[in-house]
Amino acid sequence: MKQGARAEQQEDQVGKAGGKITPRETDYPQWYQDVIREAELAEPAKVVKGCMVIKPHGYAIWEKLQRDLDGRFKATGHQNAYFPLLVPQSFITKEAEHVEGFSPELAVVTHAGGEKLEEPYVIRPTSETIIGYFFSRWIESYRDLPLLVNQWANVMRWEKRTRMFLRTTEFLWQEGHTAHSTHEEAQAEVMRMLDVYGDFAEQVMAMPVIRGIKTDSERFAGAVQTTCIEALMQDGKALQAGTSHDLGQNFGKAFNVMFQTEAGGRDYVWQTSWGVSTRLVGGVIMTHADDSGLVLPPRVAPIHVVIVPIYKNDEERSQVLAAAESIRAQLADVDLAPPRSRHRDFIEVVIDDRDLRPGNKFYMWERKGVPVRVELGPKDLAKGQVCVKMRVDTAAGRGKEFIAQNEFVATIKERLDRFQDELLRIARERLQERSRTIDTWDEFLAAFAGEKSTFAWCHWDGTRETEAKIKEQTRVTIRCIPLPGHGPAPEEGRCVFSGNPSARRVLMAKAY
RNA sequence: CGGGGCGUAGCGCAGUCUGGUAGCGCGCCUGCUUUGGGAGCAGGAUGCCGGAGGUUCGAAUCCUCUCGCCCCGACCA
């Protein structure tokens, strides 16, 4: 935290009910933490290094993400299962690259039941190994394939540096694991799930993403190829929001997962794995939130509408609350889920009848990112209207609007859908504005000076050495080599760093 | 693992230099008045001053040793 920002924050907290949110301009990382604290999404666990407590409002967002994703996994033929938290240490060492990649960040259980264990367990950093082991027991014939499972779980990686939601020692995620009889089929699975993630990010989180392939140095430890979705955060940095890996036969060989082919031979299975984590919550924050706090797209909002009753005496209070309850009951039947969705998404309404002044409530709910606020007082009852304020001024509503009650109820779905679309449109515009082609090293240095970042489309000579040097000098990494339709069309050019020939531009940015 | 910061009331902090028996703001509780953008007044509760040793008549404060957390880098969903 910067000294100035802290002093300012303390001063501003004096005499106020809630804490202060540092403006993004002043100190972006501090803003991020302030939003999380003020929206009551999570807090550092303190007593457990690098871990966080996800508070009810934060967890409710995760549950919404989870529910939608789960429906998409099932719609693509996957089933949920659950594997042990602890993995025999020897399992991790069976795949050479996998050991190397994960060893430094493992937490190991050496004692249990009051005794030293013969073989230590590691707390899963990911489950390829133990799932590989069970796949080898479950798969005998090509008739057992494809095997498509997903696990919702917690995992643990002892990272050197943690940030709430973006990188914590323990985090929640989903990991899909599949086994196929041919490489082509596995590759198709990898792309199918990448598309699931990409569509989900855009349609549900209103977070536009670039789909691409990781370079060798950024590839998952043990994978043949890693594909990813990358999102632009408001500070110009990139967030890897999801990955889908082609594991080839690497784990098949390591865990002897063989099957009898249709032709009667024997072969190792071709596997994939794919995952997204609670990091997505960080993505929502850094895509939409503003200096007043969190902003939630309706499809991830646990609460869509908050009604703040306004009254001067008990009689008005009971009248207003009765009217509020009637509106709540009508809204509660509205299903926001898109057609053909696997689940229903009814509007959640909170009537905030706490004994606080309305202004105080307005600030609180704004910080929590609730999309729609309704003020309801005696004047509104007299006129049969409601006072509506959207969390952010967009084409879906600006300022305080006074609308007939029945009209408000009748159009709430359109209003929320429109708001969802507007947030996506704004995020897309930002992505466009912050994306640029860069061809000279001077221009590159200027674009990434200090803490600055942007989505830079640059030519790269394809070597690990160049990639490493760029990273060393600027902290900029190659986020991905874009898939067709993502980023500029392929064109020959010269590497922004080395000047050597390049076949296409890649996405470069500083990353979370 | 390097660099920086910090452990004192639920939260944020002052007090530490210059030892003298713990304070401010917010929040919390009670009451009254309030309620369309962060309410006002009056009363009230809350502390093993991170832990362990030491120095001293006396330690939040000085000395030694520890434990932990946060932030900034290198590593990564």
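Before reading on, note that the structure itself is shown above.
Since we're looking at a predicted model, the values are computed, not measured. (Residues numbered from 1 in each chain as written. Chains lettered and ligands numbered in written order. Predicted model: local features only at pLDDT ≥ 70, side-chain atom pairs only at ≥ 80, totals over all residues. Heavy atoms only, no water.)

**Details of the environment of Glu414**
With respect to the secondary-structure elements, Glu414 resides in helix α13 (residues 405-434). For Glu414, a relative accessible area of 56% gives the class exposed. For the pair formed by Glu414 and Leu336, sequence separation is 78 residues and the distance between their alpha carbons is 9.3 Å. (Helix = DSSP H or I, 4+ residues; strand = E, 2+ residues; numbered from the N terminus. Buried < 20%, exposed > 50% of the residue type's maximum accessible area, 1.4 Å probe, protein only.)

**Regarding the sheet that holds strand β11 (residues 238-248)**
Spatially, β3-β7-β8-β14-β11-β10-β9-β22-β25-β21-β20 is the arrangement adopted by the eleven strands of the open sheet, whose pairing is mixed. The strands lining the two open edges of the sheet, one partner per strand, are β3 (79-80) and β20 (435-437). Pairing of strand β7 (residues 147-156) with strand β8 (residues 170-180), which is carried by ten bridges, proceeds in the antiparallel orientation. Paired with Ala153 across the strands is Trp173, a residue of β8. Against the sheet, helix α7 (residues 183-203) touches β7, β8, β9 (209-213), β10 (225-232), β11 and β14 (270-277), its axis set at about 10° to β14. Against the sheet, helix α9 (residues 279-288) touches β10, β11 and β14, its axis set at about 145° to β11. (Pairing = 2+ DSSP bridges. Contact = heavy atoms within 4.5 Å. Axes fitted to C-alpha atoms, helices over the stretch in contact; angles between N-to-C directions.)

**Let's talk about the packing of helix α2 (residues 28-38) against α9**
Across the interface, α2 lies against α9 with an axial gap of 11 Å and an inter-helix angle of 115°. Relative to α9, the element α2 is oriented roughly perpendicular. Handedness of the α2/α9 crossing: right-handed. The residues of α9 that touch α2, namely those facing Tyr28, Trp31, Tyr32, Val35 and Ile36, are Gly282, Ile285 and Met286. (Parallel < 35°, antiparallel > 145°, perpendicular 65-115°, else oblique. Left-handed = near helix turned anticlockwise from the far one by under 90°.)

**Focus on a nonpolar patch on the surface**
A surface patch of nonpolar side chains, amounting to about 350 Å² of accessible area, comprises Tyr82, Leu85, Leu86 and Tyr121. Considering the arrangement of structural elements, one finds Leu85 in the loop between β3 and β4 (86-88). (Patch = residues over 30% accessible without salt bridge, like charges linked within 9 Å, V, L, I, M, F, W, Y side chains within 5 Å. Areas by Shrake-Rupley, 256 points an atom, 1.4 Å probe, with all protein chains shown as cover. Salt bridge = Lys/Arg side-chain N within 4 Å of Asp/Glu carboxyl O.)

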